[in-house]
Amino acid sequence: TTDYTSMWKDLGLDLTAHDALLGVLGQAYGDIYQSQKNRPSGMGYFDFVVSEVHGLRVKELMDAKAQGRKVIGSYCVFVPEEITLAVEAIHVGLCSGADFAMDEVEKYLPRNTCALIKSAMGFKLAKVCPYLECADMVVGENTCDGKKKAYEVMGSMMDNLYVMDLPQVKSSEGKALLKAEFLRYKDAAETLTGKTIDVTALKQGIALVNNKRKAMARLATLRHNASAPISGLDSLLANQIFFFDDPVRFTDSVNALCDELEKRIEKNVSVADENTPRILISGCPMAVPNWKLPAIVESSGAVIVGEESCVGERGCRNLVDDSADDVDGLIDALVDRYLAIDCAIFTPNTERTDHIKEMAQASKADGVIQYTLNFCQPYAMETMPIENELEATGLPTLRIETDYSQEDMGQLQTRVEAFVELL
Ligand code: BJ8
């Protein structure tokens, strides 16, 4: 393996803390992923990406930067990658899926802040994320109150934070706000790169991201098959890598995986026995390397057949209509696609319940686990009405509230096992 120490040093990473992070990550990956049985061989690519997560991909970004390209980091699926690509910049999702430097974080944020937000700040304070450190611009967004206020604090820790405003209501005024913000983001991306977005460039960006989303939709549909050709953990990994890999290579790799899954389905090759309970997970995003709940579910004798999550179908579904022949028309098409995202920060947000029902039906789920991070008010508030609606249709549900710590593992395992047994 290549030694990336000097690259990490140049990025200003804290090498000791960074080594510790990679150590924990490698250990967790080995325990959770490599111990799975009968994985599709197409997962080899994704294993490789994880093994090089702070190596090769970061090197690619540094090489691109050396050639004058820019890197833009984002924390939310509302930031349009199509615009980033249209200025030939590279879009990376900043993951926030592990606890780091929590004592430091709690000097800046209240203890009762969700794990995702604390993680984002912990990675910054501890200087362990090469993606964050190599980003030329970091985009925050006004979604939940926690993120909104945390960006105020993080803005004082970095000089390249850009904050996007977002509507909370899907009215015509809300739509106009999103369009204004996408145009403002376009200006910011153009200023950052010195490039001007024309129709051709924007259509190219749209095509790249549409292709990536189509590949993910294909994977999602293959998982509906009764024979369970792939585990939920492996599918989640593809959803997580979606955010930072090269878009073309990623799309090709997901499509190659899907070709293999089609053959598996023909030959009835499966990761789970025929009567294995099928679970849909719904709720807060699971950013890499947050594999805690899926690992518990799949070691409790169930298989996860879908994620109603921003790291999953909520984030990937719907393509951008690329038929307009001017930039303004294409921006309108982007706004239409993005405004359909049913994040819990919107009110009302009833289409989310409809989507959960549709997904449960399409994936033949036997039960739904609603996953909420502790102190996440928007998703926690939505769990009860959703539970009532799902149970009225005869679908059993389980509510899980947790964080990234390992302390409640035993308790969660017991609750999940009891739920799975009931299905
Ligand atoms: S579009 S889900 S990626 S905001 S878990 S930080 S909501 S307190 S992540 Fe999200 Fe965009 Fe919405 Fe998706 Fe706040 Fe809740 Fe924490 Fe959350």
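See the structure printed just above.
Residues numbered from 1 in each chain as written. Predicted model: local features only at pLDDT ≥ 70, side-chain atom pairs only at ≥ 80, totals over all residues. Heavy atoms only, no water.

**Points about the site of the ligand**
The environment of the ligand is formed by 16 residues, the closest being Cys114, Cys144, Cys310, Cys343 and Cys376. When its residues are assigned to classes, the shell around the ligand shows 13 nonpolar, one polar and two charged. (Near = heavy atom within 4 Å. Nonpolar A, V, L, I, M, F, W, Y, C, P; charged D, E, K, R; others polar.)

**Some remarks on the nonpolar core**
Within the largest apolar cluster, 131 residues are counted, with the highest numbers of intra-cluster contacts made by Phe46 and Leu202. Per-element accounting of this core gives the leading share, eight residues, to helix H16 (residues 327-339). When neighbours within four sequence positions are excluded, Leu202 is seen to be in contact with Glu82, Ile83, Ala86, Ile197, Val327, Leu330, Ile331 and Leu334. Ranked by size, the runner-up nonpolar core spans 13 residues in total, among them Leu280, Val305, Ala365 and Ile386. (Core = buried A, V, L, I, M, F, W, Y, C linked by side-chain atoms within 4.5 Å. Buried < 20%, exposed > 50% of the residue type's maximum accessible area, 1.4 Å probe, protein only. Helix = DSSP H or I, 4+ residues; strand = E, 2+ residues; numbered from the N terminus. Contact = heavy atoms within 4.5 Å.)

**Notes on the packing of helix H7 (residues 115-126) against helix H9 (residues 145-155)**
Running from N to C, H7 and H9 point in directions that differ by 15 degrees, and their axes come no closer than 10 Å. When the interaxial angle is binned, H7 and H9 end up roughly parallel. H9 is crossed by H7, and the crossing has right-handed handedness. Residues Leu116, Ile117, Ala120 and Met121 of H7 form the contact with H9, whose own contacting residues are Gly146, Lys147, Ala150, Val153 and Met154. Here the contact of H7 with H9 is composed, by residue class, of seven nonpolar, one polar and one charged. (Axes fitted to C-alpha atoms, helices over the stretch in contact; angles between N-to-C directions. Parallel < 35°, antiparallel > 145°, perpendicular 65-115°, else oblique. Left-handed = near helix turned anticlockwise from the far one by under 90°.)

**Points about the sheet that holds strand S1 (residues 71-74)**
Strand order in the open sheet formed by four strands is S2-S1-S3-S4, with parallel pairing between adjacent strands. Strands at the two margins of the open sheet, each flanked by one partner only, are strand S2 (90-93) and strand S4 (161-164). The average angle at which neighbouring strand axes cross in this sheet is 25 degrees, direction not considered. In this structure, strand S3 (residues 137-141) lies alongside S4, joined through four bridges in parallel fashion. For Glu141, the partnering residue across the bridge sits in S4 and is Met164. In the packing of H9 onto the sheet, the strands contacted are S3 and S4, and the crossing angle to S4 comes to about 155 degrees. Those strands touched by helix H10 (residues 172-193) are S1, S2, S3 and S4, and its axis lies near 160 degrees from that of S4. (Pairing = 2+ DSSP bridges.)

**Some points on the sheet that holds strand S8 (residues 397-402)**
Strand order in the open sheet formed by four strands is S6-S5-S7-S8, with parallel pairing between adjacent strands. Each of the sheet's edge strands pairs with one partner strand only, and the pair in question is strand S6 (303-308) and S8. Recorded for the sheet is a direction-independent mean angle of 25 degrees between the axes of neighbouring strands. Both strand S5 (residues 278-283) and strand S7 (residues 367-373) contribute to a ladder of five bridges, which runs parallel. Bridge pairing in S7 places Ser282 opposite Gln370. Lying over the sheet, helix H17 (residues 350-362) contacts S5, S6 and S7, oriented at roughly 165 degrees with respect to S5. Contacting S5, S7 and S8, helix H19 (residues 409-422) runs over the sheet at an angle of about 170 degrees to S8.

**Some points on the pairing of S7**
Of all seven residues making up S7, seven are buried, and the element is well covered by its neighbours. Here S7 shows two buried faces, one formed by Gly367, Ile369, Tyr371 and Leu373 and the other by Val368, Gln370 and Thr372.

**What about helix H13 (residues 247-267)?**
Helix length check: H13, at 21 residues, gives a terminal C-alpha distance of 30 Å against a target of 30 Å (1.5 Å per residue), a fit within 8%. The set of residues buried in H13 consists of Pro247, Phe250, Thr251, Ser253, Val254, Leu257, Cys258, Glu260, Leu261, Arg264 and Ile265. For H13, the elements touching its buried residues are helix H3 (43-51), helix H5 (81-86), helix H11 (199-223) and helix H12 (232-241). (Expected span 1.5 Å × (residues − 1).)

**Points about H9**
Residues three or four positions apart in an α-helix share a direction because the helix packs 3.6 residues into each turn. Listing the buried residues of H9 in full gives Lys147, Ala150, Tyr151 and Met154. The arc that holds every buried residue of H9, seen down its axis, measures 110 degrees, which confines them to one face. In H9, the exposed positions that point more than 90 degrees away from the buried face belong to Asp145 and Glu152. Residues of H9 that are buried sit in contact with H7, S3 and S4. (Arc of directions from axis to C-beta.)

**Overview of empty space enclosed by the protein**
By the definition in use, this model includes five cavities of 30 Å³ or more. Together, 17 residues line the largest cavity, and Val53, His54, Cys95, Val288 and Pro289 are the ones closest to its centre. Along the lines of polarity and charge, the residues of the lining of the largest cavity split into 15 nonpolar, two polar and no charged. Here the second largest cavity is characterised by a volume of approximately 150 Å³. Lining the second largest cavity are 15 residues, with Val79, Glu81, His91, Phe242 and Phe243 positioned closest to its centre. (1 Å grid on protein atoms, 1.4 Å probe; cavity = no way out; pocket = protein on both sides within 12 Å on 5 of 7 lines; lining within 4 Å. Points joined across faces, edges and corners; volume = space filled by probe spheres on them.)

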